[in-house]
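# Observations on the model geometry
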Amino acid sequence: IGIPTVPRVNNEPFLLESLASIVGQLPSTPSHPMYCRVKIIVMNTNHGPHQRFEEARAKYAGTPEACYVEFVEEKVRLPDP
């Protein structure tokens, strides 16, 4: 699952809410056959500070749910066609 993200004008927590909703539906026990078999890639496409992205990265770091979530920063700024 790919989630590109940018900061919102009023810093709404849409990213945190979306991740909680998705992760909350995924298996939490290692014995489940789908445990850690889904990957959510969250990409900060802002090329700068993004408070909610950093909050989400910190929230899932080192937790059992971390196997589901990968946080990446867009490295190259591409022109808008």
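Residues numbered from 1 in each chain as written. Predicted model: local features only at pLDDT ≥ 70, side-chain atom pairs only at ≥ 80, totals over all residues. Heavy atoms only, no water.

## Describing the pairing of strand β3 (residues 69-73)
- Bridge count between strand β2 (residues 40-44) and β3: 5 bridges; the pairing is parallel. Paired with Ile41 across the bridge in β3 is Glu70.
- Following the backbone out of β2, through helix α2 (residues 51-60) and into the adjacent parallel β3, one traces a crossover that is right-handed. (Pairing = 2+ DSSP bridges. Helix = DSSP H or I, 4+ residues; strand = E, 2+ residues; numbered from the N terminus. Right-handed = clockwise from strand over helix to strand, strands pointing away.)

## What about the sheet that holds β2?
- If you walk across this open sheet you meet the 3 strands as β1-β2-β3, and the pairing is parallel. The outermost strands of the open sheet, each flanked by one partner alone, are β1 (2-5) and β3. Within the sheet, the average angular offset between the axes of one strand and its neighbour, ignoring direction, is 20°.
- Sheet strands touched by helix α1 (residues 14-23): β1, β2 and β3. Its angle to β2, the strand with the most contacts, is close to 170°. (Axes fitted to C-alpha atoms, helices over the stretch in contact; angles between N-to-C directions. Contact = heavy atoms within 4.5 Å.)

## Focus on the nonpolar core
- Ranked by internal contacts, the top residues of the largest apolar core, which has 14 residues, are Leu15, Leu19, Ile40, Val42, Val69 and Phe71.
- Counting only elements with at least two residues in this core, the list comes to α1, β2, α2 and β3.
- No other element matches α1, which puts 4 residues into this core.
- Non-local contacts of Phe71, meaning those with residues more than four positions away in its chain, are made with Leu19, Val42, Phe53, Ala56, Arg57 and Tyr60. (Core = buried A, V, L, I, M, F, W, Y, C linked by side-chain atoms within 4.5 Å. Buried < 20%, exposed > 50% of the residue type's maximum accessible area, 1.4 Å probe, protein only.)

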